Amino acid sequence: MDVFEAVSKRRSIRKYKDTEVEDEKLQDILEVARISPSASNRQEWKFIVVKDQETREKLVEAAHGQQFVAEAPVTIVACSTESERVMPCGQHAYTVDLSIAVSFMILEATELGLGTCWLGAFDEEKVRNILEIPERIRVPAMFTIGYADESPHARPRKHLDEIVSSEKYVTP
């Protein structure tokens, strides 16, 4: 599978089979995070792999009641070990760095035949408390991984001419 195919096939999966993710596949996904690019190659991140059922059930509350968090056999929580640094473009480095790493991990999971769902709806403070993450550490992303027990259709996408312009910004 090439990158274009992985991006095209990826779906947000919210229903998982009761099947464990093989350690080899999980290690491949984590290795992709390790080699992902980061601003100035600082790699200011840590990834918490949550497989324990009781802990995943606690994360459901932190994820605003999204039950599939407990049903997926793995949840990965992306943490920033330094969240004050701002890049010259004005963006916090950790949000960019972890978005890249998580995106790459999700594409690797897709290539390996696994389903994922990037969680944007969660209470960072509750996640910190559940996983004993220090207050200074930010949690910008978490996602579930497992074997999909559903096959959602592709959602509609905008046409290229609605999202791309040449040389200058053009208001649609």
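The structure under discussion appears in the preceding block.
This write-up is about the structure you can find in this document.

So, how was this worked out
- Residues numbered from 1 in each chain as written.
- Predicted model: local features only at pLDDT ≥ 70, side-chain atom pairs only at ≥ 80, totals over all residues.
- Heavy atoms only, no water.
- Helix = DSSP H or I, 4+ residues; strand = E, 2+ residues; numbered from the N terminus.
- Rg over C-alpha atoms; globule rule 2.2 N^0.38 Å.
- Buried < 20%, exposed > 50% of the residue type's maximum accessible area, 1.4 Å probe, protein only.
- Contact = heavy atoms within 4.5 Å.
- Areas by Shrake-Rupley, 256 points an atom, 1.4 Å probe, with all protein chains shown as cover.
- Lys, Arg positive; Asp, Glu negative; His and termini not counted.
- Charge placed at Lys NZ, Arg CZ, Asp CG, Glu CD.
- Phe/Tyr/Trp six-rings, centres within 6.5 Å; stacked < 30°, edge-to-face > 60°.
- Patch = residues over 30% accessible without salt bridge, like charges linked within 9 Å, V, L, I, M, F, W, Y side chains within 5 Å.
- Salt bridge = Lys/Arg side-chain N within 4 Å of Asp/Glu carboxyl O.
- Core = buried A, V, L, I, M, F, W, Y, C linked by side-chain atoms within 4.5 Å.
- Arc of directions from axis to C-beta.
- Polar contact = N/O pair within 3.5 Å; in protein donor to acceptor, adjacent residues only side chain to side chain.

Counting secondary structure elements, the protein chain contains seven helices and four strands. Order of helices (α) and strands (β) in the protein chain, N terminus to C terminus: α-α-β-α-α-β-α-β-α-β-α. Taken against the 2.2 N^0.38 rule, which gives 16 Å for 172 residues, the C-alpha radius of gyration of the protein chain at 17 Å falls within 12% of a compact globule. Based on the C-alpha atoms only, the size of the protein chain along its principal axes is roughly 50 × 40 × 30 Å. Taking all 172 residues of the protein chain together, 40% fall into the buried category. The contacts of the protein chain with a sequence gap of at least 6 include a subset with a gap of at least 24, amounting to 75%. With an accessible surface of roughly 10,600 Å², the protein chain has 49% of that area assigned to carbon and sulfur atoms. Between the mean site of the 22 positive side-chain charges and the mean site of the 30 negative ones, the protein chain shows a separation of 4 Å.

Locating alanine 72 in the fold gives a position in the loop between helix H4 (68-71) and strand E2 (74-80). The exposure class assigned to alanine 72 is buried, which follows from its relative accessible area of 0%.

On to the packing of aromatic side chains. All told, the structure shown has one aromatic pair when counted by the stated rule. Relative to phenylalanine 47, the ring of tryptophan 45 lies with its centre 5.8 Å away and its plane at 50°, an arrangement referred to as tilted.

To continue, consider a negative patch on the surface. On the surface, Asp18, Glu20, Glu22, Glu24, Asp28 and Glu111 cluster together to form a negatively charged patch. If you trace the backbone, aspartate 18 turns up in the loop between helix H1 (3-9) and helix H2 (23-35).

Right, let's talk about the nonpolar core for a bit. If you look at the biggest cluster of nonpolar residues, it comprises 22 residues, and the most contacted ones within it are Val69, Val77, Phe122, Val127, Ile133, Val139 and Met142. Looking at this core, the elements with two or more residues in it are helix H3 (53-62), H4, E2, strand E3 (115-119), helix H6 (124-131) and strand E4 (138-146). In contact with methionine 142, other than residues within four places in its own chain, are Leu59, Thr75, Ile76, Val77, Cys117, Trp118, Leu119, Phe122 and Val127.

Of all the residues in H3, the buried ones are Thr55, Arg56, Leu59, Val60 and Ala62. On an axial view of H3, the arc spanned by its buried residues comes to 160°, and they lie on one face. Away from the buried face of H3 by more than 90 degrees, exposed residues Glu54 and Glu61 are located. Along its buried surface, H3 packs onto strand E1 (45-50), H4, E2, H6 and E4. Here H3 starts with a cap whose side-chain oxygen sits 3.3 Å from the backbone nitrogen of glutamate 54, and that cap is aspartate 52. Where H3 terminates, the next one or two residues include histidine 64, which has phi positive at roughly 55°.

Function-wise, these values are silent; they only describe arrangement.
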